Amino acid sequence: MLLPLPDRFEAPRLLVRPVEERDLPALLAVNGDAQTVSFLPYPQWGSLADGQAWLQRMRTLEAGGTARQYVAALRAGDEAVGSVLIFRMEAASARAEIGYVLGRAHWGQGLMREALQAVCATLFDAGIVRRFEAEVDPANAASGALLGSLGFSREGRLRQRWAAKGRVYDVDAWGLLAGELIRR
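As the structure is a prediction and not an experimental result, all values here were calculated from the model.

What follows is about the pairing of strand β8 (residues 167-177). Inspection of the sheet shows strand β6 (residues 131-136) paired to β8 by 6 bridges, in the antiparallel sense. Note on β8: the bridge partner recorded for Val-136 is Asp-172. Where strand β7 (residues 153-164) and β8 come together, 8 bridges link them in antiparallel fashion. The residue of β8 that forms the bridge with Ala-164 is Arg-167. In this antiparallel pair of consecutive strands, β7 and β8, the connection spans 2 residues, and Lys-165 shows a positive phi of 55 degrees.

A separate point is the side chain of Glu-133. Of note, Glu-133 is situated in strand β6. At 2.4 Å, the side chain of Glu-133 and the side chain of Arg-95 are in polar contact. Within the structure, the side chain of Glu-133 is placed 2.7 Å from the side chain of Arg-131, a separation counted as a polar contact. Leave out the neighbours within four places in its chain, and Glu-133 touches Arg-95, Ala-96, Glu-97, Ile-98, Phe-152, Trp-174 and Gly-175.

The next point concerns the packing of aromatic side chains. Scanning the model with the defined rule gives 3 aromatic pairs in all. Arranged with centres 5.2 Å apart and planes meeting at 70 degrees, the rings of Phe-9 and Tyr-70 form a pair that is edge-to-face. Taken together, the positions of Phe-9 in strand β1 (residues 9-10) and Tyr-70 in strand β3 (residues 67-74) put the pair 61 residues apart, joining distant regions of the chain. Accessibility expressed as a relative area gives 0% for Tyr-70, which makes it buried. With 5.3 Å between their ring centres and 50 degrees between their planes, Trp-45 and Trp-54 make a pair best called tilted. Against the face of Tyr-169 rests Arg-167, its NZ or CZ located 4.1 Å from the ring centre.

Attention now goes to the sheet that holds β1. One open sheet holds the 8 strands; their spatial order is β1-β2-β3-β4-β5-β6-β8-β7, and the pairing between them is mixed. Looking at which strands have only one partner, the edges of the open sheet turn out to be β1 and β7. With 2 bridges joining them, β1 and strand β2 (residues 14-18) adopt antiparallel strand pairing. Looking at β2, one finds that Phe-9 is bridged to Val-16. Running over the sheet, helix α1 (residues 24-31) touches β3, β4 (80-90) and β5 (95-102) and is turned about 85 degrees from β4.

What helix α4 (residues 141-150) keeps buried is the set Ser-143, Gly-144, Leu-146, Leu-147, Ser-149 and Leu-150. In the core, the buried residues of α4 are packed alongside β5, α3 (111-125), β6 and β8. The first or second residue beyond α4 is Gly-151, which carries a positive phi of 105 degrees.

Within this structure, the stated rule accounts for 19 salt bridges. For Arg-22, the salt bridge is made with Glu-20, and the minimal N-O distance between the two is 2.5 Å. We classify Arg-22 as partly exposed; its relative accessible area is 48%. Using a relative accessible area of 33% as the deciding quantity, one classes Glu-20 as partly exposed.

Definitions and cut-offs
Residues numbered from 1 in each chain as written. Predicted model: local features only at pLDDT ≥ 70, side-chain atom pairs only at ≥ 80, totals over all residues. Heavy atoms only, no water. Pairing = 2+ DSSP bridges. Helix = DSSP H or I, 4+ residues; strand = E, 2+ residues; numbered from the N terminus. Polar contact = N/O pair within 3.5 Å; in protein donor to acceptor, adjacent residues only side chain to side chain. Contact = heavy atoms within 4.5 Å. Phe/Tyr/Trp six-rings, centres within 6.5 Å; stacked < 30°, edge-to-face > 60°. Buried < 20%, exposed > 50% of the residue type's maximum accessible area, 1.4 Å probe, protein only. Lys NZ or Arg CZ within 6 Å of the ring centre and 35° of its normal. Axes fitted to C-alpha atoms, helices over the stretch in contact; angles between N-to-C directions. Salt bridge = Lys/Arg side-chain N within 4 Å of Asp/Glu carboxyl O.

And the structure:
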């Protein structure tokens, strides 16, 4: 069942808002970069057609009530520089998984930390979610560091959890409870 999620989350330099068709060219720059998507379970986009197919998959997930796809857009100019997915939502357990990607041109600036902090704080404070989870390829040190900086705890390794892009790989399972979010 779909959690009652807001349409937007406010961060100092970003607005996290629902993805729109107009965001696809900017998201192509993000998801079309091999280095940016190297640790993600989906293939690099090669064209706007890939973006349109992705958007259709996201709309299908949203219609099923288990996910909501957002973009992280710069407040100045409303350009999408990444995305945030809230998925595997379970209203009865007040839990959800969170996934994210940020364009390489914006790495190292704290933007995704701002976006995730805004999402988590808003949903925790409203009592909508009591637990967030994330799965990260252990080789993705930057993503693990990001989650750790927000207060997520590494809860274990799920061996051979995913098969994607021609390989089977482990993931680290991360969890965050409402009182553990680091707000700074």
